[in-house]
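Below, each chain spelled out in residue letters.
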Amino acid sequence: MNFSEIKELDEKYGAKTFSRFPVAFAGGKNATLCDSDGKSYIDFGAGIAVNVFGVNDEAWKNAVVDQLNKIQHVSNYYYIEPQARLARLLCEKTGAKRAFFANSGAEANECAFKTARKYSFEKYGEKRKRIVSLKDSFHGRTLFTLSATGQDSFHKYFAPFVPDVVNTVADVKAVERASDGKACAVVIECVQGESGVTALDRGFIRELAAYCKENDVLLVCDEVQCGNGRTGKFFAYEHYGIAPDLVTTAKGLGGGLPIGACLFFGKTENVLTAGDHGSTFGGNPVVCAGACNVVERMTDEFLSDVAVKADYMRMKLEKIGGIKKVTGLGFMIGLEVEKDPKQVAAECLNRGLLVLTAHKRLRLVPPLTITKTEMDEGLDILEGVLKA
Ligand SMILES: *Cc1c(COP(=O)(O)O)cnc(C)c1O
């Protein structure tokens, strides 16, 4: 199908939930994509921080296809080798004790919130079920995770929300007031993605971790976007020297296939038991085989290379006129620009560069394997657009 045929079909039959850019991608290599008409693009979006190895990565594809050639799905009534291997890989890498697998970031957070409520119920009874989240956070689109999402723009139309989910500013005193002795968990994104790529204050995070520990309030790090090597560490919380009780992740973990994970650390290791939670597709063997390849390859060398490349990109961005501020951490980059970010993104697309927006900023989350040549080429296009 050519582009206009694809567009016509989608507009006729697809739900109108997305305002799409006028392009359909057909293939590519690493951080260079090509569209249905053969035009090529540098990719600074990676499918929203998903394609950590870009596209058409040989080793990742082999891992997926090898599993596909064996068996594509089995239910969680049976043991699943790639799922068990992935759980071990994640635990060995992070110090977590166990892992639960779902299919998305929202579901990973659902699992964490349910775990927190059960943990607290068993220890303290009914009256300590509150989930505290932060203003400008994003935790997903299901009602529980939407309730925790601290941006009003997502809430319109969908009340009533899940009770006892409270939202407050990134200040420990405010968290304490919001908790009011009734909180079972506080959830944070160390680098807030959807609201504009903002790394939370180091002092706040460390103080919050201490508060949570002291009060037996579980600290949940939502690493759905900032995890999986994105910031130059496997998880962004590692930059802050804290020890969360629950970690959720998704986006980049599957390398392009849908997966979510909730990792249980010491306190929460044995909270969920048979029947408490589940998923038909969660931990699917093909998806897990791809994710194993992702986690196996995120060695210290790989991650320090990510950090070096991200520094290079940030250094170049700092010198581009029309950029007022560069935010975020590692390869999770926010740009405050003089022009309208949505128009910049549209013009970049015209000129062969994919960038994302996040609230009022541009957002760059390239494949972690992006080459220097690809970065330079993309940055030249961005500079041209910002100058024009
Ligand atoms: C994207 C995102 C989610 C939701 O993930 P889905 O896979 O879209 O459900 C949750 N939390 C954060 C921080 C995210 O960036």
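Here the structure is shown first, and the text comes after it.
Cut-offs used in this document
- Residues numbered from 1 in each chain as written.
- Predicted model: local features only at pLDDT ≥ 70, side-chain atom pairs only at ≥ 80, totals over all residues.
- Heavy atoms only, no water.
- Helix = DSSP H or I, 4+ residues; strand = E, 2+ residues; numbered from the N terminus.
- Rg over C-alpha atoms; globule rule 2.2 N^0.38 Å.
- Buried < 20%, exposed > 50% of the residue type's maximum accessible area, 1.4 Å probe, protein only.
- Contact = heavy atoms within 4.5 Å.
- Pairing = 2+ DSSP bridges.
- 1 Å grid on protein atoms, 1.4 Å probe; cavity = no way out; pocket = protein on both sides within 12 Å on 5 of 7 lines; lining within 4 Å.
- Points joined across faces, edges and corners; volume = space filled by probe spheres on them.
- Nonpolar A, V, L, I, M, F, W, Y, C, P; charged D, E, K, R; others polar.
- Lys, Arg positive; Asp, Glu negative; His and termini not counted.
- Salt bridge = Lys/Arg side-chain N within 4 Å of Asp/Glu carboxyl O.
- Near = heavy atom within 4 Å.
- Polar contact = N/O pair within 3.5 Å; in protein donor to acceptor, adjacent residues only side chain to side chain.
- Expected span 1.5 Å × (residues − 1).
- Axes fitted to C-alpha atoms, helices over the stretch in contact; angles between N-to-C directions.
- Left-handed = near helix turned anticlockwise from the far one by under 90°.

**Q** Whenever I open this one, the overall build of the protein confuses me. Can you help?
**A** Of the regular secondary structure elements, the protein holds 12 helices and 17 strands. A compact globule built from 388 residues would reach a C-alpha radius of gyration of about 21 Å, and the protein, at 21 Å, matches this within 12%. Dimensions along the principal axes, computed over C-alpha positions, put the protein at roughly 60 × 50 × 45 Å. Across the 388 residues of the protein, 55% fall into the buried class. Sequence separation of 24 or more characterises 72% of the internal contacts of the protein that already satisfy a separation of 6 or more.

**Q** When you look at the sheet that holds strand S3 (residues 40-43) in this model, what are you seeing that I'm missing?
**A** The strands that make up a sheet are held in pairs by hydrogen bonds between backbone atoms, and each pair lies either parallel or antiparallel. Ordered by their spatial adjacency, four strands build an open sheet running S1-S2-S3-S15, and the pairing between neighbours is mixed. Strand pairing shows two members of the sheet lacking a second neighbour, strand S1 (25-29) and strand S15 (353-354), which therefore form its edges. Across three bridges, the pairing between strand S2 (residues 32-35) and S3 is antiparallel. The residue of S3 that forms the bridge with Thr32 is Ile42.

**Q** What is the right way to look at the pairing of S2 in this model?
**A** Two faces make up the sheet, and in a regular strand the side chains alternate between them. Residues of S2 alternate between two faces, with Leu33 and Asp35 buried on one and Thr32 and Cys34 left unburied on the opposite face. Counting the residues in the hairpin turn of S1 and S2 gives two residues, including Asn30, whose phi is positive at 50 degrees.

**Q** Looking at this structure, how should I read the layout of surface pockets?
**A** Any empty space left between atoms is shown by rolling a water-sized probe over those atoms. By volume, the second largest pocket is sized at about 770 Å³. Asn76, Gln83, Arg98, Ala99 and Phe100 are, among the 29 residues lining the second largest pocket, the residues nearest its centre. Mapped by element, the contributors of at least two residues to the lining of the second largest pocket are helix H4 (81-94) and strand S4 (98-102). A total of five residues in the lining of the second largest pocket trace back to one element, the largest contributor, which is H4. Of the residues contributing to the lining of the second largest pocket, the split by class is 14 nonpolar, 10 polar and five charged.

**Q** I would appreciate a short explanation of the side chain of Glu223 in the present structure.
**A** With respect to the element layout, Glu223 can be found in the loop between strand S10 (218-222) and strand S11 (246-249). No salt bridge is formed by the buried Glu223; the nearest opposite charge belongs to Arg230, separated by 9.8 Å.

**Q** Is there a simple way to explain the site of the ligand in this structure?
**A** Every one of the 13 residues lining the ligand counts as a neighbour, but Gly105, Ala106, Asp222, Gln225 and Lys251 are closest to it. In the model, an oxygen atom of the ligand is placed 2.8 Å from a nitrogen or oxygen of the Ala106 main chain. At 2.7 Å, a side-chain N or O of Gln225 approaches an oxygen atom of the ligand. Examining the composition of the shell around the ligand, we find that three residues originate from one element, helix H5 (residues 105-124), more than from any other. For the shell around the ligand, the residue count by class is three nonpolar, six polar and four charged.

**Q** Looking at this structure, I do not really get the pattern of salt bridges. What am I missing?
**A** Pairs may arise between side chains of opposite charge once their charged atoms sit close together. The final tally for this structure, using the stated rule, is 21 salt bridges. In this structure, Glu126 engages Lys129 in a salt bridge whose closest nitrogen and oxygen atoms are separated by 3.8 Å. The exposed category is assigned to Glu126, whose relative accessible area is 56%. The shortest N-O distance in the salt bridge between Lys372 and Asp376 comes to 3.5 Å. A residue pair is termed a helical-turn pair when its members lie 3 or 4 positions apart in one helix, as Lys372 and Asp376 do in helix H12 (residues 372-387) at four residues. Judged by relative accessible area, Asp376 falls into the buried class, the value being 18%. Bridged by salt links that share partners, the residues Lys29, Glu58 and Lys61 form one connected network.

**Q** Looking at this structure, I do not really get helix H9 (residues 285-297). What am I missing?
**A** Side chains three or four residues apart in an α-helix point the same way, a direct result of the helix having 3.6 residues per turn. With 13 residues, H9 should reach 18 Å at 1.5 Å per residue; the first-to-last C-alpha distance of 18 Å fits that figure. In terms of burial, H9 is largely enclosed, as 11 of its 13 residues are buried. Buried within H9 are the following residues: Pro285, Val286, Val287, Cys288, Ala289, Gly290, Ala291, Cys292, Asn293, Val294 and Val295. Contact partners of the buried residues in H9: helix H3 (58-68) and H4. Capping of H9 at its N-terminal end is provided by Asn284; its side-chain oxygen lies 2.9 Å from the backbone amide nitrogen of Val286.

**Q** What exactly am I supposed to notice about the environment of Tyr211 here?
**A** Structurally, Tyr211 can be placed in helix H8 (residues 202-215). Overall, Tyr211 belongs to the buried group, its relative accessible area being 12%. Residues Tyr211 and Cys34, 177 residues apart in the sequence, show an inter-C-alpha distance of 49 Å.

**Q** Got a minute to help me understand the sheet that holds strand S6 (residues 165-168) in this structure?
**A** Spatially, seven strands are ordered S4-S12-S11-S10-S7-S5-S6 in an open sheet, and the strand pairing comes out mixed. Two strands lie at the open edges of the sheet, namely S4 and S6, each paired on one side alone. Neighbour to neighbour, the strand axes of the sheet diverge by 20 degrees on average, direction disregarded. Here strand S5 (residues 130-134) pairs with strand S7 (residues 183-188) via four bridges, running parallel. Each residue of the ladder has a partner; that of Ser133, found in S7, is Val187.

**Q** Where do I start with the packing of helix H7 (residues 172-179) against H8 in this structure?
**A** The geometry of a pair of packed helices is captured by two quantities: the angle between their axes and the separation between those axes. At their nearest, the axes of H7 and H8 sit 9 Å apart, and the two run at 35 degrees to each other. In terms of crossing hand, the pair formed by H7 and H8 is right-handed. Residue-level contacts link Val172, Val175, Glu176 and Ser179 of H7 to Phe204, Glu207, Leu208 and Tyr211 of H8.

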